[in-house]
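Examining the three-dimensional arrangement
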Amino acid sequence: MAEDEDADADADARYDDEDSYGDIKKFIYINRKAPHGTVYALESLEVVLIAAAFDQDVSLVFMDDGVYQLKKNMDTNELEVKNFSKTYRALEMYDIDKLYVERESMEQRGLSIDDFIVDVTVLNSNELAKLISEQDVALSF
């Protein structure tokens, strides 16, 4: 009996140890595609929410046509697709608040920081490269 209790106590100690759940990794998701016409934008959003549910350190980058994913007042009626851009507002509930937009992509498309549905940090391409290099995992959509 005492051996069983010791084994149970050892198992409980392993599960109480934060390391038993694994290290927190820094994930960065790079969104390069327009919000509609492919599944990339929506799938990226789903993967981000899953990672956040597992308490990972999540950052999102929007560059190239991916900056359009955050555009305010998007009308998708003519495309006959659901506008999921409002879902980006829910990221804050998942403690996802590191949203970055590449300055060059934003400016090339005639957008400004005021055009986005959520608060973002605008970085130039060099700053963005440094940020990406500091991550454990980078996934591009």
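Up top is the structure.
**Regarding the environment of serine 105**
Assignment of secondary structure puts serine 105 in helix H3 (residues 103–108). Residues serine 105 and glycine 66, 39 residues apart in the sequence, show an inter-C-alpha distance of 8.6 Å. Setting aside anything within four residues of it in sequence, one finds serine 105 in contact with Met63, Asp64 and Val67. At 2.7 Å, the side chain of serine 105 and the backbone nitrogen of aspartate 64 are in polar contact.

**So, a negative patch on the surface**
Judged by side-chain charge, Asp55, Glu92, Asp95, Asp97 and Asp119 come together as a negatively charged surface patch. Position of aspartate 95 among the secondary structure elements: in the loop between strand S2 (57–62) and strand S3 (98–102).

**Quick word on the nonpolar core**
Leu60 and Tyr88 are the most contacted members of the largest nonpolar core, which has 26 residues in total. Elements that contribute at least two residues to this core include exactly strand S1 (26–31), helix H2 (40–53), S2 and S3. Element by element, the count of residues in this core is highest for H2, at 5 residues. Excluding residues within four positions of it along the chain, tyrosine 88 makes contact with Ala41, Leu45, Phe62, Gln69, Leu70, Ile117 and Val118. Judged by nonpolar contacts, the second largest core, of 8 residues, contains Met63, Leu123, Leu128 and Leu131.

**Some points on the sheet that holds S2**
Ordered in space as S4-S3-S2-S1-S5, the 5 strands form an open sheet in which the pairing is parallel. In this open sheet, the two strands that pair with only one neighbour each are strand S4 (121–123) and strand S5 (137–140). Strand-to-strand, the axes of this sheet are offset by a mean angle of 25°, without reference to chain direction. Strands S1 and S2 of the sheet are contacted by H2, whose axis makes an angle of about 170° with S1. Against the sheet, helix H4 (residues 125–133) makes contact with S1, S2, S3, S4 and S5, and its axis sits at roughly 105° relative to S4, the strand it touches most.

Rules of the game
Residues numbered from 1 in each chain as written. Predicted model: local features only at pLDDT ≥ 70, side-chain atom pairs only at ≥ 80, totals over all residues. Heavy atoms only, no water. Helix = DSSP H or I, 4+ residues; strand = E, 2+ residues; numbered from the N terminus. Contact = heavy atoms within 4.5 Å. Polar contact = N/O pair within 3.5 Å; in protein donor to acceptor, adjacent residues only side chain to side chain. Patch = residues over 30% accessible without salt bridge, like charges linked within 9 Å, V, L, I, M, F, W, Y side chains within 5 Å. Areas by Shrake-Rupley, 256 points an atom, 1.4 Å probe, with all protein chains shown as cover. Salt bridge = Lys/Arg side-chain N within 4 Å of Asp/Glu carboxyl O. Lys, Arg positive; Asp, Glu negative; His and termini not counted. Charge placed at Lys NZ, Arg CZ, Asp CG, Glu CD. Core = buried A, V, L, I, M, F, W, Y, C linked by side-chain atoms within 4.5 Å. Buried < 20%, exposed > 50% of the residue type's maximum accessible area, 1.4 Å probe, protein only. Pairing = 2+ DSSP bridges. Axes fitted to C-alpha atoms, helices over the stretch in contact; angles between N-to-C directions.

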